[in-house]
Amino acid sequence: MKIGVYPGTFDPITNGHIDIVRRSFQIFDKVIIAVAPNPKKKPLFDIHERVEMIREATRNIPNVEIEIFEGLLAEYMKRKGVHAIVRGLRAISDFEHEFMMALLNRKLDGGVETVFLMPSEEYSYLTSSAIKEVASYGGVVKDLVPPMVAQHLRERFQKGPK
Ligand code: ADP
């Protein structure tokens, strides 16, 4: 059984993330979504809210596991018997950072490979940060994130369309 790990902050999960999860099943039999607390990024949603939103959003996708993950990804992968890392590549702007991380992970543990998947074009401009900004001004994000995420954003910002 080929297992992939999709690590990220997911603050919050967007339709772009979900697109990548679905595509990763072309390669893997099981995908672990590893949610990093990432306090340095000052997330809008706490780790449990993020996990809950991911759980709801991936309810209908079989063979997805969701875990909170801290520490070195390479070590986590060894422990869990994971074969490769999945990351999404949106645009050239993602490339530099992702390239560095992939090489670093390979360096930390000789066998770790990273697989990059491109989302559908309609999601290629989508970032969690942009979603939060739009939602903070009451903008409509319902086609860009799962319904439960849109609701959480509305509640958090206490405004926007009903
Ligand atoms: P991180 O803090 O690790 O960058 P993110 O939640 O922002 O966490 O992103 C996790 C992964 O998902 C990254 O590889 C990122 O490039 C990818 N990703 C985020 N948004 C999209 C999107 N709209 N389409 C494809 N990949 C995406």
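Scroll up to find the structure.
None of these values were measured; they are calculated from a predicted model.

Quick look at the overall build of the protein chain
The secondary structure content of the protein chain amounts to 6 helices and 5 strands. On C-alpha atoms alone, the protein chain measures out to a radius of gyration of 16 Å, which is about the 15 Å that the 2.2 N^0.38 rule sets for 162 residues. For the protein chain, the spread of C-alpha atoms along the principal axes amounts to about 50 × 30 × 30 Å. For the protein chain, with 162 residues in total, the buried portion stands at 48%.

Thoughts on a nonpolar patch on the surface
Residues Leu72, Met100, Met101, Leu104 and Leu108 make up a contiguous nonpolar surface patch of roughly 430 Å² in combined accessible area. Take Leu72: it is sitting in the loop between β3 (64-68) and α3 (73-80).

With respect to the site of the ligand
In the vicinity of the ligand, 18 residues are found, and the nearest of them are Tyr6, Thr9, Lys41, Gly88 and Leu126. At a separation of 3.1 Å, a nitrogen atom of the ligand approaches a polar side-chain atom of Arg90. The side chain of Glu98 places a nitrogen or oxygen atom 3.4 Å from an oxygen atom of the ligand. When the free accessible area of the ligand is taken as 550 Å², the share hidden by the protein chains comes to 90%. Residue assignment for the shell around the ligand shows that the elements contributing at least two residues are β1 (3-8), α1 (15-24), β4 (84-88) and α4 (92-108). Broken down by class, the residue content of the shell around the ligand amounts to 7 nonpolar, 6 polar and 5 charged.

Topic: the sheet that holds β3
The 5 strands are arranged β3-β2-β1-β4-β5 in an open sheet whose pairing can be described as parallel. Of all the strands in the sheet, the pair left with one neighbour each is β3 and β5 (113-117). When the angles between neighbouring strand axes are averaged without regard to direction, this sheet yields 30°. Direction of pairing for β1 relative to strand β2 (residues 30-35): parallel, over a ladder of 6 bridges. By the bridge assignment, Pro7 is partnered in β2 with Ala34.

Rules used throughout
Residues numbered from 1 in each chain as written. Predicted model: local features only at pLDDT ≥ 70, side-chain atom pairs only at ≥ 80, totals over all residues. Heavy atoms only, no water. Helix = DSSP H or I, 4+ residues; strand = E, 2+ residues; numbered from the N terminus. Rg over C-alpha atoms; globule rule 2.2 N^0.38 Å. Buried < 20%, exposed > 50% of the residue type's maximum accessible area, 1.4 Å probe, protein only. Patch = residues over 30% accessible without salt bridge, like charges linked within 9 Å, V, L, I, M, F, W, Y side chains within 5 Å. Areas by Shrake-Rupley, 256 points an atom, 1.4 Å probe, with all protein chains shown as cover. Salt bridge = Lys/Arg side-chain N within 4 Å of Asp/Glu carboxyl O. Near = heavy atom within 4 Å. Polar contact = N/O pair within 3.5 Å; in protein donor to acceptor, adjacent residues only side chain to side chain. Nonpolar A, V, L, I, M, F, W, Y, C, P; charged D, E, K, R; others polar. Pairing = 2+ DSSP bridges. Axes fitted to C-alpha atoms, helices over the stretch in contact; angles between N-to-C directions.

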